[in-house]
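Report on the structure
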Amino acid sequence: MNIDILKQKINTIIISSNTKEKKLQAICNYLEQQISYYDWVGFYFNNGNKNELKLAQYKGEATEHTIIPFGKGICGQVAISKQNFIVQDVTKERNYISCGWKVKSEIVIPIFVDGKNIGQIDIDSHTANVFTQKDEQLLEYVCKKVATIL
Ligand code: SME
């Protein structure tokens, strides 16, 4: 993973003249395409004041989990903890919502706007034990950049 090149491309997407929705979609597409073990990349955002997350743009297989209550699954737990969450082996996680039998590991990084957690980026991988601090670093950068266009 060449983080500098990945960051540069994310910047290019962010400053393009596209709509916010198209930028978020382009980020999902780019990350899924560039990083071999990113098999599903998506953004969930807080759904008004309903204490639930709603799926926005994503790249990968369609999921029925378009609404996730706070506290449920990895995503719902991050909505409460507001902290990065890496699951290296999803079979070992009790509070987990499966989006398909192929998924082995997952990383979720919260997005903050003006210090308030308003959503997150969620990545699923078909490989176990694959996420490292490099992914956290890259995805924190992506979340900071995304925060500037929300
Ligand atoms: N696995 C997630 C649900 C979302 S899917 O990965 C797209 C979770 O446990 O919250």
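A short tour of the structure in this document, coming up. Because the structure is a prediction, the values reported are computed rather than measured.

Cut-offs applied
- Per chain, residue numbering runs from 1 following the sequence as it is written.
- The predicted origin of the model limits local features to residues at a pLDDT of at least 70 and limits the giving and counting of side-chain atom pairs to 80 or more, whereas totals for whole chains, interfaces and linings rest on all residues.
- For the side-chain quantities, the full set of heavy atoms in the structure was used; hydrogens and water were omitted.
- Counting from the N terminus, the helices are DSSP H or I runs at least four residues long and the strands are E runs at least two residues long.
- The size measure is the radius of gyration over C-alpha atoms, and the globule rule it meets is 2.2 Å times the number of residues to the 0.38 power.
- Residue exposure (1.4 Å probe, protein chains only): buried if accessible area is under 20% of the type maximum, exposed if over 50%, otherwise partly exposed.
- Pairs of strands are assigned from DSSP output, requiring at least two bridges between the strands.
- Fitted lines through C-alpha atoms serve as axes, helices being fitted only where they are in contact, and the angles separating the N-to-C directions of these axes extend from 0 to 180 degrees.
- In this description, contact between two residues means that some pair of their heavy atoms is separated by no more than 4.5 Å.

1. Description of the overall build of the chain
- Assigned secondary structure in the chain consists of 4 helices and 6 strands.
- For a compact globule of 150 residues, the expected C-alpha radius of gyration is about 15 Å, and the chain comes in at 14 Å, within 12% of that figure.
- Principal-axis analysis of the C-alpha atoms places the extent of the chain at approximately 40 × 35 × 25 Å.
- Relative to its full complement of 150 residues, the chain shows a buried share of 44%.

2. Quick notes on the sheet that holds strand 2 (residues 52-59)
- As summarised here, the arrangement of the 6 strands in space is 3-2-1-6-5-4, forming an open sheet in which the pairing is antiparallel. The sheet is open, and its two borders are formed by strand 3 (67-69) and strand 4 (85-87), each paired with just one other strand. Adjacent strand axes in the sheet meet at a mean angle of 25°, parallel and antiparallel pairs treated alike.
- As judged from the 5 bridges shared by strand 1 (residues 40-46) and strand 2, these two strands associate in the antiparallel manner. Following the sheet pairing, F45 is matched in strand 2 by K54.
- Sitting on the sheet, helix 4 (residues 133-147) is in contact with strand 1, strand 4, strand 5 (105-113) and strand 6 (116-125), with an inclination near 35° to strand 5.

3. A look at the environment of N18
- Examined against the element boundaries, N18 turns out to sit in the loop between helix 1 (3-15) and helix 2 (20-34).
- On the basis of relative accessibility, which here comes to 41%, the residue N18 falls in the partly exposed class.
- Once the C-alpha coordinates of N18 and K54 are considered, the two residues, 36 residues apart in sequence, prove to be 22 Å apart.

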